[in-house]
Amino acid sequence: MKNKILNKTLIILFAVPGGLSAQVHELPKLNYNYADMEPHIDAMTMEIHYTKHHQGYVNKLNAAIEGTDAATQNLEDLLLNVSNYSTAVRNNGGGHYNHTLFWNILSPKAKAKPEGKLLEMIDKQFGSLDNLKAELEKAGATRFGSGWAWLIVTPEGKLAVTSTPNQDNPLMDVVDTRGIPILGIDVWEHAYYLKYQNKRPDYLSAFWNVLDWEKVEKNLEDALQSPLLKKM
Ligand code: MN
């Protein structure tokens, strides 16, 4: 009798799709502490942003794709063809991708200015680093409601500044200007409200203190060689 009950329990456990399997998408590890971006981004904002907001996107993305073919796709491929999927995949897949990029380009020992190929491209296309910063700040400040400001590499291999609403991003087949983002600025209120309240432009100008241009240089290098550009 005992065995019979045990067998039934086992069958039920293994019959739950994905019930015992690892989560497909996971929160990336941070290689700094929440307080390391002080005073530019406060520790509490960093902690809530990472452990609540980003974790929430990861959890909801995993729930949205569980048991579907989307669970077998990598995140970039999902986003490239996001119009084929649900709104939950668009919002939470975008949220996961965007925040992973955002954490990656921040550093407490940020390289203050780009060099090499990135600087050359910035000078050629924008005239100067200050002009590029001003364009990005404008894109972030004028984004109505929640969204992101981006520096992207277009399929033609050029830089461009864009902005998208909500958790959309330039990889997605639902946005006007597509490309691979190499720098993203989160302009959702949750990214700055505790410290800056309604002063989004102050947050945008402080952001440059913790943006590590070395990471953006690396992202440019990767983007220029990425097969994703040919899929847009
Ligand atoms: Mn955010």
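Residues numbered from 1 in each chain as written. Predicted model: local features only at pLDDT ≥ 70, side-chain atom pairs only at ≥ 80, totals over all residues. Heavy atoms only, no water.

(A) The arrangement of helix 9 (residues 213-224) in detail. Its twelve residues give helix 9 an end-to-end C-alpha distance of 16 Å, which sits within 8% of 16 Å, the value for a rise of 1.5 Å per residue. Restricting attention to buried positions, one finds in helix 9 the residues Trp-213, Val-216, Glu-217, Asn-219, Leu-220 and Ala-223. The arc that holds the buried residues of helix 9, viewed along the axis, is 165°, so those residues lie on one side. For helix 9, the secondary structure elements touched by its buried residues are helix 4 (87-105), helix 5 (116-126), helix 6 (129-142), strand 1 (147-153), strand 2 (159-165) and strand 3 (180-186). (Helix = DSSP H or I, 4+ residues; strand = E, 2+ residues; numbered from the N terminus. Expected span 1.5 Å × (residues − 1). Buried < 20%, exposed > 50% of the residue type's maximum accessible area, 1.4 Å probe, protein only. Arc of directions from axis to C-beta. Contact = heavy atoms within 4.5 Å.)

(B) Layout of a nonpolar patch on the surface. Judged by side-chain polarity, Met-44, Ile-48 and Leu-194 come together as a nonpolar surface patch covering roughly 280 Å² of accessible area. Within the secondary structure, Met-44 sits in helix 2 (residues 43-65). Looking at Met-44, the relative accessible area reads 53%, which means it is exposed. (Patch = residues over 30% accessible without salt bridge, like charges linked within 9 Å, V, L, I, M, F, W, Y side chains within 5 Å. Areas by Shrake-Rupley, 256 points an atom, 1.4 Å probe, with all protein chains shown as cover. Salt bridge = Lys/Arg side-chain N within 4 Å of Asp/Glu carboxyl O.)

(C) Region of the structure containing the packing of aromatic side chains. Per the counting criterion, the structure on display carries ten aromatic pairs. Between Phe-207 and Trp-208 the ring centres are 5.5 Å apart and the planes differ by 70°, which places this aromatic pair in the edge-to-face class. We classify Trp-208 as buried; its relative accessible area is 10%. Chaining the aromatic ring pairs together yields one cluster made of Tyr-34, Tyr-50, Phe-102, Trp-103, Trp-148, Trp-150, Phe-207, Trp-208 and Trp-213. Lying across the ring of Tyr-196, Lys-195 places its NZ or CZ 5.7 Å from the centre. (Phe/Tyr/Trp six-rings, centres within 6.5 Å; stacked < 30°, edge-to-face > 60°. Lys NZ or Arg CZ within 6 Å of the ring centre and 35° of its normal.)

(D) Highlighting the coordination of the manganese ion. The coordination sphere of the manganese ion, as far as protein atoms go, consists of His-49 (NE2), His-99 (NE2), Asp-186 (OD) and His-190 (NE2), spread over 1.9 to 2.1 Å. Sequence spacing of the donors to the manganese ion: H-x49-H-x86-D-x3-H. Highlighted residues: His-99 in helix 4 and Asp-186 in strand 3, separated in sequence by 87 residues. Each member of the pair, His-99 as well as Asp-186, carries the same accessibility label: buried. (Donors = N, O, S within 2.8 Å, 3.2 Å for Na, K, Ca; no water.)

(E) Region of the structure containing the confidence of the model for the protein. With 91% of its residues at a pLDDT of 70 or more, the protein has an overall mean of 93. Across residues 1-20, where pLDDT falls below 50, the model places four contacts with residues more than four positions away in sequence or in other chains. (pLDDT = per-residue confidence, 0-100.)

(F) Structural context of the nonpolar core. Judged by nonpolar contacts, the single largest core of 62 residues is most densely connected at Leu-106, Leu-159, Ile-182, Leu-183, Ile-185, Phe-207 and Trp-213. Discounting chain neighbours no more than four positions away, the residues touching Ile-182 are Leu-101, Ile-105, Leu-118, Leu-151, Ile-152, Val-153, Leu-159, Val-216, Asn-219, Leu-220 and Ala-223. (Core = buried A, V, L, I, M, F, W, Y, C linked by side-chain atoms within 4.5 Å.)

(G) Broad picture of the layout of surface pockets. One number sums up the size of the largest pocket: a volume of about 300 Å³. In this structure, the largest pocket is lined by 14 residues; those nearest its centre are Glu-76, Tyr-97, Ile-180, Pro-181 and Asn-219. Of all the secondary structure elements, the ones that give two or more residues to the lining of the largest pocket are helix 3 (75-80), helix 4, strand 3 and helix 9. Per-element accounting of the lining of the largest pocket gives the leading share, four residues, to helix 4. (1 Å grid on protein atoms, 1.4 Å probe; cavity = no way out; pocket = protein on both sides within 12 Å on 5 of 7 lines; lining within 4 Å. Points joined across faces, edges and corners; volume = space filled by probe spheres on them.)

(H) Molecular detail of helix 6. Spanning 14 residues, helix 6 covers 20 Å between terminal C-alpha atoms, matching the ideal 20 Å at 1.5 Å per step. Taken together, the buried positions of helix 6 are occupied by Leu-129, Leu-132, Lys-133, Leu-136, Ala-139 and Gly-140. All buried residues of helix 6 project into a common sector of 125° when viewed along the axis, lining one side. Within helix 6, the exposed residues directed more than 90 degrees away from the buried face are Asp-130, Lys-138 and Thr-142. Here the buried face of helix 6 lies against helix 5, strand 1, strand 2, strand 3, helix 8 (200-207) and helix 9.

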